There are 2 protein chains.
Amino acid sequence: MQKHKIISNTTIKRLTKYYRYIEELDSNDISMVSSHTLGKLMNISPSLIRQDFNAIGEFGRQGHGYCIKSLKEVIGKFLGIDKSHNMIVIGAGNLGQTLANYSGFAEVGFQIKALFDINPKLIGMKINNIDIIDLDHLKSFIQDNDIDIGILCVRKHCVQEMTDILIDAGIKGIWNFSTIDIDVPQHVKVENVNFSNSLFTLSYLMKDKYLKKD
Amino acid sequence: MQKHKIISNTTIKRLTKYYRYIEELDSNDISMVSSHTLGKLMNISPSLIRQDFNAIGEFGRQGHGYCIKSLKEVIGKFLGIDKSHNMIVIGAGNLGQTLANYSGFAEVGFQIKALFDINPKLIGMKINNIDIIDLDHLKSFIQDNDIDIGILCVRKHCVQEMTDILIDAGIKGIWNFSTIDIDVPQHVKVENVNFSNSLFTLSYLMKDKYLKKD
């Protein structure tokens, strides 16, 4: 049963983490897990785990633990990773190539279909068997290949321009690795990976002991 | 005045974001900013901005806006980015090299001093003028060069082993780009950058409209 509760961003992050651990257990042929065991593995309280699972579905009887396959299915469906996603990378520099070389995304159904760049030295090359294509072909490629996610790995001066092109071509989600925030209409979703923000957070943690975990 | 309040992880993330915008304003020679203007720029409510700033220091008189230089100084100090940090990268593969090539970290005082690997083909090479060194020299390098942050870019089977070596050598913070969580003693701080978690979050956002922003 799918419940339409309001789920906080923090809970979503935790659900993605559960999914990762559950996948690992599944790949080790483990079929059941208790909230206690999962909590110990993930350093999360068992009661919070039960609360999170209750918020998104119904799983078996208490005291018997959770069926790994059910958890994987329900959480995967909840997170929208039960279907595959086609992605493209904008900007075939170091970071774009690194992401194209990473096989972990394809394993969970997120396929990088092409990289785009304006650099003639890069266009025509293949990274991990994925073509680097001239940016001029971006819009038609998105539409012809059912691309729903654009990965932004471009310099900040052209980030918004690239964003606008992606939106115009009908992209639904943007994974933004650039250092600036982007403006998008409400129907387009954005997830930012900002390395500097993350590094500043680490710096704070190292400096201060007053952090409340949430 | 430094107040020792408990600051949530969510607030820390917001403070790192303020710092980024304030740096940008400062580099454009802007000297004052109101919470209203900053809120519009960052898509955050002005009252939340004032509340966040009040939580970490005292800034000028209401109605006159905030002095950019003071904000930068106080937030920077609060986040521990008022002093420089020496970092090393463990694992000189695609991602490690990408991070070494990125100049943005050094600009804000986070210097990558070396990359470490076990691959003899990589050892001795330079990336962005930074040496790739044999992992055997890790411990002495950390101690001789006042390294406080280790960046983990290694495959998951050796992540914990590398973590243990870093901790044994006296590292204070670990920036973990690997796909698994690491065990550290309480005095060592960890910030995870997990690409799959981030991608799953995007997938959820694209699927569901019930997300509460927090």
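Bear in mind that the values here come from a model prediction, so they are computed numbers and not experimental data. (Residues numbered from 1 in each chain as written. Chains lettered and ligands numbered in written order. Predicted model: local features only at pLDDT ≥ 70, side-chain atom pairs only at ≥ 80, totals over all residues. Heavy atoms only, no water.)

Draft legend 1. Just the relation of the copies chain B and chain A, in detail. The transformation that overlays chain B on chain A combines an axial shift of 0.0 Å with a rotation of 180 degrees, and the residual RMSD is 0.0 Å. Taken together, these values place the two copies in the relation of a two-fold axis. A share of 100% of interface residues in chain B that are also interface residues in chain A marks the association as one of identical surfaces. (Least-squares fit on C-alpha atoms with pLDDT ≥ 70 in both. Contact = heavy atoms within 4.5 Å.)

Draft legend 2. Region of interest: the packing of aromatic side chains. Counted by the stated rule, this structure contains 24 aromatic pairs over all chains. On the numbers, 4.6 Å between centres and 70 degrees between planes, the contact of Y102 of chain B with F105 of chain B is edge-to-face. F105 of chain B gets classed as buried once you look at its relative accessible area, which sits at 1%. Here the aromatic rings of F105 of chain B and W175 of chain B are separated by 5.4 Å at their centres, their planes lie at 80 degrees, and the arrangement is edge-to-face. Residue F105 of chain B is found in helix 6 (residues 104-107), and its partner W175 of chain B is found in strand 9 (residues 173-176); the two are separated by 70 residues along the sequence. Counting every residue linked through ring pairs, the aromatic cluster contains Y102, F105, W175, F177 and F195 of chain A together with Y102, F105, W175, F177 and F195 of chain B. (Phe/Tyr/Trp six-rings, centres within 6.5 Å; stacked < 30°, edge-to-face > 60°. Buried < 20%, exposed > 50% of the residue type's maximum accessible area, 1.4 Å probe, protein only. Helix = DSSP H or I, 4+ residues; strand = E, 2+ residues; numbered from the N terminus.)

Draft legend 3. Structural detail: the interface of chain B and chain A. Contacts between the two partners involve 67 residues from chain B, matched on the other side by 67 residues from chain A. Here chain B and chain A share 6 salt bridges between them. Across the pair K17 of chain A and D181 of chain B runs a salt bridge whose closest N-O atoms are separated by 3.7 Å. Counting every contact that joins chain B to chain A gives 23 residue pairs in polar contact (both at pLDDT 80 or more). For the side of chain B that touches chain A, the leading source of residues is helix 9 (residues 195-207) of chain B, giving 13 residues. (Salt bridge = Lys/Arg side-chain N within 4 Å of Asp/Glu carboxyl O. Polar contact = N/O pair within 3.5 Å; in protein donor to acceptor, adjacent residues only side chain to side chain.)

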